[in-house]
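Coordinate inspection notes
Listed below, chain by chain, are the residues.
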Amino acid sequence: SEIQDIYLRDVILDVVESLQYKANKEEIKLQVEEIPKNLLVTADHNQIKQVLINLVENAIKYNKPDGSVTVGVKPYSQDESRVLVYVEDTGIGINQQYIDRVTERFFRVDKSRSRGKGGTGLGLAIVKHIMEAHDEEFFIESTPNVGSTFSFTLTKVDNSGPAATSPKE
Ligand code: ATP
Ligand code: MG
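Below you will find a few notes about this structure. Model, not experiment: these values are computed from the prediction.

**A few points about the overall build of the protein chain**
- For the protein chain, the count of helices and strands is five helices and seven strands.
- Helices (α) and strands (β) of the protein chain occur, in sequence order from the N terminus, as β-α-β-β-α-β-β-α-α-α-β-β.
- Here the contacts in the protein chain between residues at least 6 apart in sequence split such that 72% fall between residues at least 24 apart.

Pasting the structure below:
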């Protein structure tokens, strides 16, 4: 792995742009909240990109007609040196009993329903693995039939990000 300083906004916009056609095809609105341009985090660029791809793909795939997906960054209340990246959807949601299991390799909720959507059940196992390797947190919140929020922490490079003073644009 290659840990470097990365501009979080650029990675997120890059991934969202590359998946916009999938969202369009499913008629899902895929949007990004405003993210500070100067927000630098320490992480493996390719791995964080993979995490975002897996989460946004799921948020599109397990959504509902006229649904939406929102990606954003906010302060992490537990630790000022980190931020929380979230991918929120208005999709089918996940039953509480399965939330701890969706990060298991090959685990898919409702295999018959998921079959039509393709996939192997590895996306979230990879996400969990990458965030553990980064020593960062990974959270899943979900309400069946309402939607889900997948989020993870990243560590800011000193003095970058929402809480820091930065030159006016
Ligand atoms: P792959 O990602 O390997 O193509 P997959 O999407 O089935 O296949 P995961 O990404 O690991 O595998 O997700 C595991 C299961 O968790 C999914 O099959 C689905 O049942 C459930 N799931 C994942 N993301 C969401 C979501 N945003 N909303 C509802 N259910 C989800
Ligand atoms: Mg997936």
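Here the narrative resumes, following the displayed structure.
**Thoughts on the packing of helix α2 (residues 45-61) against helix α5 (residues 123-133)**
- Closest axis-to-axis distance for the α2/α5 pair is 9 Å, and the angle between their directions is 145 degrees. Handedness of the crossing formed by α2 with α5: left-handed. Of α5, the residues touching α2 (which contributes Q47, Q50, V51, N54, L55, E57 and N58) are G123, L124, I126, V127, I130 and M131.
- Along the lines of polarity and charge, the residues of the contact of α2 with α5 split into seven nonpolar, five polar and one charged.

**Remarks on the nonpolar core**
- Grouped together as the largest cluster of nonpolar side chains are 37 residues, with contacts concentrated most on L8, V56 and V69.
- Take this core: its biggest share by element is seven residues, from α2.
- Look past the residues within four positions of V56 in its chain and what remains in contact with it is V15, V16, L19, V69, V71 and V87.

**Concerning helix α1 (residues 8-26)**
- Compared with an ideal rise of 1.5 Å per residue, which puts 19 residues at 27 Å, α1 spans 26 Å between its outermost C-alpha atoms and is within 8% of the ideal.
- Along α1, the sharpest kink reaches roughly 45 degrees, centred on L19.
- By the burial criterion, the buried members of α1 are L8, V11, I12, V15, L19 and A23.
- Contacts made by the buried residues of α1 are with β1 (3-7), β2 (29-32), β3 (40-44), α2, β4 (68-75) and β7 (147-156).
- One or two residues past the end of α1 sits E27, with phi positive at roughly 55 degrees.

**Some points on the pairing of β3**
- Where β1 meets β3, five bridges bridge the pair, whose relative direction is antiparallel. Residue pairing across strands places Q4 opposite A43, the latter belonging to β3.

**Quick notes on the pairing of strand β5 (residues 82-89)**
- Burial along β5 is one-sided: V83, V85, V87 and D89 are buried, and none of R82, L84, Y86 and E88, which face the opposite way, are.
- In terms of strand pairing, β4 meets β5 through seven bridges, oriented antiparallel. Looking across to β5, one finds that K74 is bridged to L84.
- As consecutive antiparallel partners, β4 and β5 are separated by six residues.

**Some points on the packing of α1 against α2**
- Orientation of α1 relative to α2, taken along the N-to-C sense of each, is 25 degrees, at an axis distance of 10 Å. Here α1 is positioned roughly parallel relative to α2, judged by the angle of their axes. The two elements α1 and α2 cross, and the hand of that crossing is right-handed. Here α1 contributes V11, I12, V15, V16, L19, K22, A23 and E26 to the contact with α2, which in turn contributes H45, I48, K49, L52, I53, V56, E57 and I60.

Conventions adopted
- Residues numbered from 1 in each chain as written.
- Chains lettered and ligands numbered in written order.
- Predicted model: local features only at pLDDT ≥ 70, side-chain atom pairs only at ≥ 80, totals over all residues.
- Helix = DSSP H or I, 4+ residues; strand = E, 2+ residues; numbered from the N terminus.
- Contact = placed C-beta atoms within 7 Å.
- Axes fitted to C-alpha atoms, helices over the stretch in contact; angles between N-to-C directions.
- Left-handed = near helix turned anticlockwise from the far one by under 90°.
- Nonpolar A, V, L, I, M, F, W, Y, C, P; charged D, E, K, R; others polar.
- Core = buried A, V, L, I, M, F, W, Y, C linked by C-beta atoms within 7 Å.
- Buried ≥ 20, exposed ≤ 12 C-beta atoms within 10 Å, placed from the backbone.
- Expected span 1.5 Å × (residues − 1).
- Bend = angle between axes of the 7 residues up to and from the residue.
- Pairing = 2+ DSSP bridges.
- Parallel < 35°, antiparallel > 145°, perpendicular 65-115°, else oblique.

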